[in-house]
Amino acid sequence: MKKLLLLFSLLLSINSFSQNIYWFDVIIDVDRQNTENVVELVTDYYSSIKIPEDVSVSFSSIAMKGNNFKGTHILSMFSQSAKSLADFRGSLKGPSWQLYISKIRNYIKSSRRSAGVGLLNFYLDKPQPIGQAWFFKVKNQAGFAASFGKLMKSVKSPGLVSMGQIVHGSDNGENIYIYLTYPDLESAFKFGPDNKKEQEAFATFQKEISNSTYSQTFTRVLIKQF
């Protein structure tokens, strides 16, 4: 199986930092009555094209979000190779692409794009269908990364974890994200420190990043992995 996360599991130990992960997201806003049409169009198109071995594409609904978050679905592309990701994005053209775009425009209200890089990545052999992203406005990005790396030495996660930079398409000064996945909704509801050691680690992390500004969070649920 070609999927990138399976490749990760062969290359990385569970607690090690990985190489950078480059990502490109398209967030779309869809009225409820048009959801089925959009899911069908996205699934049909990305199931019909050749996706490189070192690129992975996923399509998810955005199940929980704040009032100011505009978007109902997210299409994510990611790779350990910036060149492979850029080449794949550049390959999305031609008659079939134009037909797909002309159809999906009839059902979406708006779209926006962002891109970035995951710098610290853990438990990459544990991809899960539910993912939550937290966004921060950070002046001392190196200090934030160091504190997060220290936190991850003391806590366990039910799924993969990534911390990185939002490089393109940032909103209101957000430049750092933390992304965590869960196997099910119960695990997402129960997220938090499980013991005294983890409580102390989280308290230290919160103190060390106190100069950063927490901005927002959203939770996504996987519809299709291509």
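What you see is a predicted model; the values in this text were computed from it and never measured.

Student: Honestly, the sheet that holds strand 6 (residues 161-168) in this entry has me stumped. Any pointers?
Tutor: Strand-to-strand pairing in sheets goes through backbone hydrogen bonds, with the strands running parallel or antiparallel. The strand order 1-3-2-8-5-7-6-4 describes a closed barrel built from 8 strands, whose pairing is antiparallel. Strand-to-strand twist in this sheet, taken as the mean axis angle between neighbours without regard to direction, amounts to 35 degrees. Looking at chain direction, strand 4 (residues 108-122) and strand 6 are connected through 7 bridges and run antiparallel. Following the sheet pairing, Leu-120 is matched in strand 6 by Met-163. In the packing of helix 2 (residues 35-48) onto the sheet, the strands contacted are strand 1 (21-30), strand 2 (55-65), strand 3 (73-79), strand 4 and strand 8 (213-225), and the crossing angle to strand 3 comes to about 20 degrees.

Student: Before we go on, may I ask you to explain helix 4 (residues 95-104) in this structure?
Tutor: Here helix 4 has its buried residues at Trp-97, Tyr-100, Ile-101 and Ile-104. The arc that holds the buried residues of helix 4, viewed along the axis, is 95 degrees, so those residues lie on one side. On its buried face, helix 4 sits against helix 2, helix 3 (82-91) and strand 4.

Student: I tried to follow the environment of Phe-189 on my own but got confused; where do I start?
Tutor: For Phe-189, the location among the structural elements is in helix 6 (residues 185-189). Under the relative-accessibility criterion, Phe-189 is labelled exposed at 60%. Distance from Phe-189 to Asp-44, taken between C-alpha atoms, is 33 Å for residues 145 residues apart in sequence.

Student: Explain the environment of Arg-113 here, please?
Tutor: Tracing the backbone shows Arg-113 in strand 4. Along the primary structure Arg-113 and Ser-84 are separated by 29 residues, whereas in three dimensions their C-alpha atoms are 18 Å apart.

Student: I would appreciate a short explanation of the environment of Ser-84 in the present structure.
Tutor: With respect to the element layout, Ser-84 can be found in helix 3. The spacing of Ser-84 and Pro-193 is 109 residues in sequence and 37 Å in space, taken between C-alpha atoms. Setting aside chain neighbours within four positions, we find Ser-84 in contact with Asp-54, Val-55 and Ser-79. Looking at Ser-84, its side chain comes within polar contact range of the side chain of Asp-54, at 2.6 Å.

Student: What should I look at first to understand the pattern of salt bridges in this one?
Tutor: Close approach of charged atoms allows side chains of opposite charge to pair. Summed over the entire model, instances satisfying the criterion amount to 5 salt bridges. Residue Lys-190 is joined to Glu-186 by a salt bridge in which the shortest nitrogen-to-oxygen separation is 3.9 Å.

Student: Sorry if this is basic, but what is going on with a nonpolar patch on the surface here?
Tutor: Taken together, the side chains of Met-64, Leu-185 and Phe-189 make up a nonpolar region of the molecular surface, amounting to roughly 310 Å² of accessible area. Among the secondary structure elements, Leu-185 is positioned in helix 6.

Student: For this particular structure, what's the right way to read the side chain of Asn-121?
Tutor: Within the secondary structure, Asn-121 is located in strand 4. A distance of 3.3 Å separates a polar atom in the side chain of Asn-121 from the backbone oxygen of Gln-19. In terms of polar contacts, Asn-121 uses its side chain to reach the side chain of Ser-162, at 2.6 Å.

Student: What is the right way to read unusual backbone geometry from this model?
Tutor: Peptide bonds are mostly trans, and most non-glycine residues show a negative phi. You will see that Tyr-123, though not glycine, has its phi angle at about 50 degrees, which is positive. The class for Tyr-123 is buried, based on a relative accessible area of 7%. Positive phi, close to 60 degrees, is recorded for Asn-172, a residue that is not glycine. Tracing the sequence through the fold places Asn-172 in the loop between strand 6 and strand 7 (176-182). Asn-172 gets classed as exposed once you look at its relative accessible area, which sits at 59%.

Student: Sorry, what's going on with the pairing of strand 2 here?
Tutor: Consecutive side chains of a regular strand alternate in pointing toward one face of the sheet and then the other. Bridging between strand 2 and strand 3 involves 7 bridges; their strand directions are antiparallel. Directly across from Val-57, in strand 3, lies its bridge partner Met-77. Pairing between strand 2 and strand 8: 7 bridges, direction antiparallel. Note on strand 8: the bridge partner recorded for Met-64 is Thr-219.

Reading guide: rules and limits
- Per chain, residues are indexed from 1 in the order of the written sequence.
- Given that the model is predicted, a residue must reach a pLDDT of at least 70 before its local features are reported, and side-chain atom pairs must reach 80 or more before they are shown or counted; all residues, however, enter totals for whole chains, interfaces and linings.
- In computing side-chain values, all of the structure's heavy atoms are included and hydrogens and water are not.
- A pair of strands is considered paired only if DSSP assigns at least 2 bridges between the two.
- Helix and strand labels come from DSSP, where a helix needs a run of H or I of at least four residues and a strand needs a run of E of at least two; each type is numbered from the N terminus.
- For helices, the fitted axis covers only the stretch in contact; all axes are lines through C-alpha atoms, and the angles between them, taken along N-to-C directions, range from 0 to 180 degrees.
- Two residues form a contact once any of their heavy atoms are found within 4.5 Å.
- We call a residue buried when its accessible area falls under 20% of the maximum for its residue type, exposed when it is over 50%, and partly exposed in between, using a 1.4 Å probe and counting protein chains only.
- The arc in question is the one spanned by the directions pointing from the helix axis to the C-beta atoms.
- Polar contact criterion, stated in full: a pair of N or O atoms within 3.5 Å, where within protein one must be able to donate a hydrogen and the other to accept it, and residues adjacent in sequence count only if both atoms are side-chain atoms.
- A pair is scored as a salt bridge if a Lys or Arg side-chain nitrogen falls within 4 Å of a carboxyl oxygen belonging to Asp or Glu.
- For patches, a residue must show more than 30% relative accessible area and have no salt bridge; joins then use 9 Å for like charges and 5 Å for nonpolar side chains, namely Val, Leu, Ile, Met, Phe, Trp and Tyr.
- Each accessible area value is a Shrake-Rupley result obtained with a 1.4 Å probe; residue values ignore everything except the protein chains displayed when judging cover.

Geometric values such as these leave the question of function open.
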